[in-house]
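Geometric and topological summary
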Amino acid sequence: MDAEERQLAREIQEQIHQEMNMLRTDAGQIRHLVQDAIVKLTGSFNGLRDQSNDQHALVTSLTTSMEGGEGGGEGEGEAQKRINIRQFVSETDRILRSFVDHILLVSRQSMEMVHRIDDLSSQMNEVVSFLHDIDAIAEQTNVLALNARIVSARAGEAGKAFAVVADQVRKLSKDSNQFSKKINDVVRRSQENIESAKEIIEVMASKDMSFAIESKGRVDEMMDEVSKIDRFTAATLVKVSEITDRINQDVGTAVMSLQFEDMVTQLVQSLEKHIGLVEQFTGVVCCGCPDAAQGDHAARVAAIRQVLQEHTAIFAQSSHKPVDQVSMDEGEVELF
Amino acid sequence: MSGTITVNRHENETSISIKGRFNFEMHSQFRTAYQNEIDGSVNKNRKFVIDLVGTEYIDSSALGMLLLLREEAGANEADIEIINARPEIRKILETANFQRLFKIS
């Protein structure tokens, strides 16, 4: 091998070396780009999964609070005591009911009071009829006194004292009549008072019930509406929950797919290794084997063949593919 | 303007039929309709039938009278049936929860 040949071989080797270095740099860059991208993707997918879990928790708490309302659960701790629309409506219904009960109680007691007052009134009437009896007795007494006066006048002097008694009896009869009139007057005024008391009670006892019917109807309508809204919300929450589950599954698949970083790294490493082997091989071939450099043509060929055989053997050993997979769908990949 | 009350007495049953407006003004008529049966207390098991077929209107005082009848006829032992109520009156009776205290048919 002459000097010119050696110079040419050195230049070729130099060129190959430069190109190989470029390949190595590119391979390294690929590895870094992929690693950077993987870190960011993993972070963003994990964030997505966290947010989707938060969303799932929110939906679950919403569903639980709705179910809690349906049972009207009491004594389940302060957290469970949040008032929802359903509870509000049923509370309104309860208040309306107690209002109606109260009106009924007032009416019933008023009617009982009216009965007592009616009894009182008829007893007053009895008093009036007794007064008539007293009047009749007074009238008879008056007539008797008058007769006694006439008889005493006939008796002359002897009857004078008797005439005084007869006058007294007549006066008593008139007094009795006057008392009877006064009592009658009081009874009449009492009857008037009783009538006005009854009027007051009538106002108290007589309530039109249509307000209760209308309010009840409105409460029932509201209850129906709330039930409809509840059913719709529950159905929507179930759908949202399903979507969240699917998002979680998709995120899982995406994170799993990021395993390809491993394969890319292995492929790049293999690439770098083979760049080294090629460099070494070309170095030996171009510069000739130091042992055979001084030898003749046949000896050089033999030496180069020797190097080729060694290289072929090394290549055969390391030629198996570091990554067999062609697509990400193949094979089982563990999550990292 | 108030209603009128007709009473029909059978062996063990008193039927009280109310026509027109059943309101406060009916109180003494209504009381008279059942008072004798209860005061006599001979027929402890007497049944009362309140016929509302001709009743056009009912207010809370009428409900109070019915409650009072129930109490005076033996409260929980009382046997009182309210019949022939028209829909709007039936609704009032139901809102007042009368179906728990009376037979309504």
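The text that follows walks through the structure, step by step, so that each part is easy to find. Not measured: the values here are computed from a predicted model.

Cut-offs used in this document
Residues numbered from 1 in each chain as written. Chains lettered and ligands numbered in written order. Predicted model: local features only at pLDDT ≥ 70, side-chain atom pairs only at ≥ 80, totals over all residues. Heavy atoms only, no water. Salt bridge = Lys/Arg side-chain N within 4 Å of Asp/Glu carboxyl O. Helix = DSSP H or I, 4+ residues; strand = E, 2+ residues; numbered from the N terminus. Buried < 20%, exposed > 50% of the residue type's maximum accessible area, 1.4 Å probe, protein only. Axes fitted to C-alpha atoms, helices over the stretch in contact; angles between N-to-C directions. Parallel < 35°, antiparallel > 145°, perpendicular 65-115°, else oblique. Left-handed = near helix turned anticlockwise from the far one by under 90°. Contact = heavy atoms within 4.5 Å. Nonpolar A, V, L, I, M, F, W, Y, C, P; charged D, E, K, R; others polar. Pairing = 2+ DSSP bridges. Core = buried A, V, L, I, M, F, W, Y, C linked by side-chain atoms within 4.5 Å. Buried area = accessible area lost by both parts, 1.4 Å probe. Arc of directions from axis to C-beta.

1. Concerning the pattern of salt bridges
- What the rule picks out here adds up to 21 salt bridges over all chains.
- Here Arg 108 of chain A makes a salt bridge to Glu 71 of chain B, at a shortest N to O gap of 3.0 Å. Pair noted here: Arg 108 of chain A is in helix α2 (residues 85-154) and Glu 71 of chain B is in helix α2 (residues 60-72), and the two residues belong to different chains.
- Glu 71 of chain B gets classed as partly exposed once you look at its relative accessible area, which sits at 40%.

2. A closer look at the packing of α2 of chain A against helix α4 (residues 210-257) of chain A
All names here are of chain A.
- Where α2 contacts α4, the axes come no closer than 10 Å and their chain directions differ by 165°. Our classification of the angle between α2 and α4 gives roughly antiparallel. Here α2 runs over α4; the crossing is left-handed. Contact residues: Ile 85, Arg 86, Val 89, Ser 90, Thr 92, Asp 93, Leu 96, Arg 97, Phe 99, Val 100 and Ile 103 in α2; Phe 211, Ala 212, Ser 215, Lys 216, Val 219, Met 222, Met 223, Val 226, Ser 227 and Asp 230 in α4.
- Broken down by class, the residue content of the contact of α2 with α4 amounts to twelve nonpolar, four polar and five charged.

3. Quick word on the sheet that holds strand β3 (residues 47-58) of chain B
All names here are of chain B.
- Strand order in the open sheet formed by five strands is β1-β2-β3-β4-β5, and the pairing between neighbours is mixed. Strands with a single pairing partner mark the edges of an open sheet, and in this sheet they are β1 (4-9) and β5 (103-104).
- Direction of pairing for β1 relative to strand β2 (residues 13-22): antiparallel, over a ladder of six bridges. The partner of Val 7 across the bridge, within β2, is Ile 16.

4. Describing the packing of α2 of chain A against α2 of chain B
- Contact geometry for α2 of chain A and α2 of chain B: axes closest at 7 Å, N-to-C directions at 70°. Relative to α2 of chain B, the element α2 of chain A is oriented roughly perpendicular. Here Ile 103, Leu 104, Ser 107, Arg 108, Met 111, Glu 112 and His 115 of chain A of α2 of chain A come into contact with α2 of chain B, specifically with Ser 60, Ser 61, Leu 63, Gly 64, Met 65, Leu 67, Leu 68, Glu 71 and Glu 72 of chain B.

5. Observations regarding the nonpolar core
- Of all hydrophobic cores here, the largest spans 48 residues; its most connected members are Phe 22, Phe 30, Ile 50, Leu 93 and Phe 98 of chain B.
- Ranked by residue count, the leading element in this core is α2 of chain A, at eight residues.
- Formed by ten residues, the second largest nonpolar core is a distinct cluster that contains Ile 38, Phe 45, Val 255 and Leu 258 of chain A.

6. Describing the interface of chain B and chain A
- Opposite the 23 residues of chain B that make contact, chain A presents 24 residues.
- Where chain B abuts chain A, roughly 2000 Å² becomes buried across the two surfaces, and 64% of that area is made up of carbon and sulfur atoms.
- When the buried surface of chain B facing chain A is broken down by residue, Phe 24, Arg 31 and Thr 95 of chain B rank first, second and third, together holding 31% of it.
- Where chain B packs against chain A, one counts two salt bridges.
- Residues that form the side of chain B that touches chain A fall into these classes: ten nonpolar, seven polar and six charged.

7. Overview of the environment of Gly 47 of chain A
Residues and elements named next belong to chain A.
- Its location among the elements puts Gly 47 in helix α1 (residues 3-71).
- Classification of Gly 47 as partly exposed rests on a relative accessible area of 27%.
- For the pair Gly 47 and Val 251, spaced 204 residues apart in sequence, the C-alpha to C-alpha distance is 9.9 Å.

8. As for helix α3 (residues 87-95) of chain B
- The complete set of buried residues in α3 of chain B reads Ile 89, Ile 92, Leu 93 and Thr 95 of chain B. Mapping the buried residues of α3 of chain B onto a view down its axis gives an arc of 165°, with all of them on the same face.
- Check the buried side of α3 of chain B and you find it contacts α2 and α4 of chain A together with β3, α2, β4 (79-83) and β5 of chain B.
- Just beyond α3 of chain B, the residue with positive phi is Asn 97 of chain B, at close to 65°.

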